[in-house]
Amino acid sequence: MIAGNRSINYLRISVTDRCNFRCRYCVPSSPFSVIEHQKIARYEEILKITRLACELGITKIRITGGEPFVRKGIFSLLRKLCALDALEDISITTNGSLLTQDKIKELGKMGIKRLNFSLDTLDPAKFISITGRDKFHRVWDSIMNAHQLGISPIKINTVALGGFNDDEIEAIAGLTLKYPFHIRFIEYMPMGNSEVEKKQQILTRQIQDKIISTLGPLVPVEKGKNDGPAKKFKLAGAKGIVGFITPISSHFCSECNRLRLTARGTLRPCLLNNYEKDILSPLRRGASDRKLKSIIKSTLVHKPLFHCLNDPKAGNIPISHMTSIGG
Ligand code: SAM
Ligand code: SF4
């Protein structure tokens, strides 16, 4: 599928808007409702939409949420997705808190070799303050289990926030000296109605300066075929990679090859733009495969050339929070 001069081959699938964590940068500060059960896309519906998207050129998917592993029966969906011949790459983004050793083994067996964990701090007390849950050791154990079981690469997403983890940036980047992890610092995106203030946002330049002044130069690393938008670097002697995801300081919209399927069965051509198209209702009304494919293709016409987060006056700032879209 083509959108402008971009070839769209990546579908990000949110399987739930529910989560067992309450990360302050992700969920709204005010009370919020979750999608009613009957409005959430069922597994066979997700599978059908994915299969049709594959027929249109999707070769890579990532499962996300909310927290994917809170959804009952998720392994049955994963197994069926892994059986789709057209998919070259399947990965999952998770907070890691529900992943036991056995579950990680099961993921490896079905062919899921890549996992992204979210971890914003190495301090168990700070972990509680950002996620609302006393689960640091649980998450760290999951990361270690995945490492020992040969999951590779293990990517760790860290949202950098002033007054929260800015004093840990060197320690977190320093994990790459010991482990072959890809640590990816993500610039905070103010969306929905999160509790984190815009002034806590730290941009990549500041993060890089901190790392370089303590740990030495960051040497650029060339991107691989299936790599996303992270700008990748290596510290001298490191086993892993330090990456930066820069939606604010240097947006990568012109390279974006993604389409998103939300848990309520809408297609979104952009995380940071409110446009979305319902594909679940036509599917439930019995629309033909041809019609459903035309819905998928027509969504891409709305793929914007850039987002408006840096210019709130320009409008179309995302009104939904991350868990309801799928991060
Ligand atoms: N629950 C899973 C997890 O935490 O990895 C998957 C969903 S979560 C929404 C996906 C990613 O989005 C996480 O790495 C999280 O840190 C990131 N994220 C959430 N809200 C964000 C925000 N406002 N700005 C930047 N990244 C955000
Ligand atoms: Fe849940 Fe992930 Fe959002 Fe944290 S970042 S609240 S773990 S969906």
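Residues numbered from 1 in each chain as written. Chains lettered and ligands numbered in written order. Predicted model: local features only at pLDDT ≥ 70, side-chain atom pairs only at ≥ 80, totals over all residues. Heavy atoms only, no water.

Before we move on, can you summarise the overall build of the protein with the specific residues and values?
In terms of helices and strands, the protein carries 10 helices and 14 strands. A compact globule built from 327 residues would reach a C-alpha radius of gyration of about 20 Å, and the protein, at 19 Å, matches this within 12%. Taking the principal axes of the C-alpha coordinates as reference, the protein spans close to 60 × 50 × 40 Å. Here the protein holds 327 residues, and the buried ones make up 56% of them. Sequence separation of at least 24 residues holds for 75% of the intrachain contacts in the protein that already meet a minimum separation of 6. When the accessible area of the protein is evaluated, it comes to approximately 14,300 Å², of which 54% is carbon and sulfur surface. (Helix = DSSP H or I, 4+ residues; strand = E, 2+ residues; numbered from the N terminus. Rg over C-alpha atoms; globule rule 2.2 N^0.38 Å. Buried < 20%, exposed > 50% of the residue type's maximum accessible area, 1.4 Å probe, protein only. Contact = heavy atoms within 4.5 Å. Areas by Shrake-Rupley, 256 points an atom, 1.4 Å probe, with all protein chains shown as cover.)

Describe the pairing of strand 6 (residues 114-118), and please don't skip the residues or the numbers.
When you tally the buried positions in strand 6, you get 4 out of 5 residues, the bulk of the element. Note: strand 5 (residues 89-94) against strand 6, 4 bridges, orientation parallel. Within strand 6, the position partnered with T94 by the bridge is F117. Note on the crossover from strand 5 through helix 3 (residues 101-110) to strand 6: the handedness is right-handed. As judged from the 4 bridges shared by strand 6 and strand 7 (residues 154-160), these two strands associate in the parallel manner. (Pairing = 2+ DSSP bridges. Right-handed = clockwise from strand over helix to strand, strands pointing away.)

Can you break down the site of ligand 1 residue by residue, with the values?
Around ligand 1 lies a shell of 18 residues, among which Y25, G66, S118, N157 and M189 are the nearest. The contact in question runs from a nitrogen atom of ligand 1 to an N or O atom on the backbone of Y25, over 3.0 Å. A distance of 3.2 Å is found between a nitrogen atom of ligand 1 and a side-chain nitrogen or oxygen belonging to E67. Residue assignment for the shell around ligand 1 shows that the elements contributing at least two residues are strand 5, strand 7 and strand 8 (182-187). In terms of residue class, the shell around ligand 1 is made up of 7 nonpolar, 9 polar and 2 charged. (Near = heavy atom within 4 Å. Polar contact = N/O pair within 3.5 Å; in protein donor to acceptor, adjacent residues only side chain to side chain. Nonpolar A, V, L, I, M, F, W, Y, C, P; charged D, E, K, R; others polar.)

Could you give an account of the side chain of T50, with specific residues and numbers?
Secondary-structure assignment places T50 in helix 1 (residues 43-55). The residues contacting T50, other than those within four sequence positions of it, are L11, I13, I61, L81, L84 and L87.

Account for the sheet that holds strand 9 (residues 218-220), with residues named and values stated.
If you walk across this open sheet you meet the 12 strands as 9-10-11-8-7-6-5-4-3-12-13-14, and the pairing is mixed. Looking at the sheet topology across the chains shown, the edges are occupied by strand 9 and strand 14 (277-278). In the packing of helix 6 (residues 169-178) onto the sheet, contacts are made with strand 7, strand 8, strand 10 (231-235) and strand 11 (241-245), and the angle to strand 8 comes to roughly 150 degrees. (Axes fitted to C-alpha atoms, helices over the stretch in contact; angles between N-to-C directions.)

Describe helix 2 (residues 74-82), and please don't skip the residues or the numbers.
Those residues of helix 2 lying buried are I74, F75, L77, L78 and L81. Seen along its axis, helix 2 keeps its buried residues to an arc of 155 degrees; they face one direction. On the buried face of helix 2, the contacting elements are helix 1, strand 4 (60-64), strand 5 and helix 3. (Arc of directions from axis to C-beta.)

Give a detailed account of the pattern of salt bridges, specifying residues and quantitative values.
Per the stated rule, a full pass over the model turns up 17 salt bridges. R284 is paired through a salt bridge with E45; the nearest N and O atoms lie 2.8 Å apart. You can see R284 sitting in helix 8 (residues 280-284) and its partner E45 sitting in helix 1, a full 239 residues away along the chain. A salt bridge links E55 to K293, with the shortest nitrogen-to-oxygen separation between them at 2.7 Å. (Salt bridge = Lys/Arg side-chain N within 4 Å of Asp/Glu carboxyl O.)

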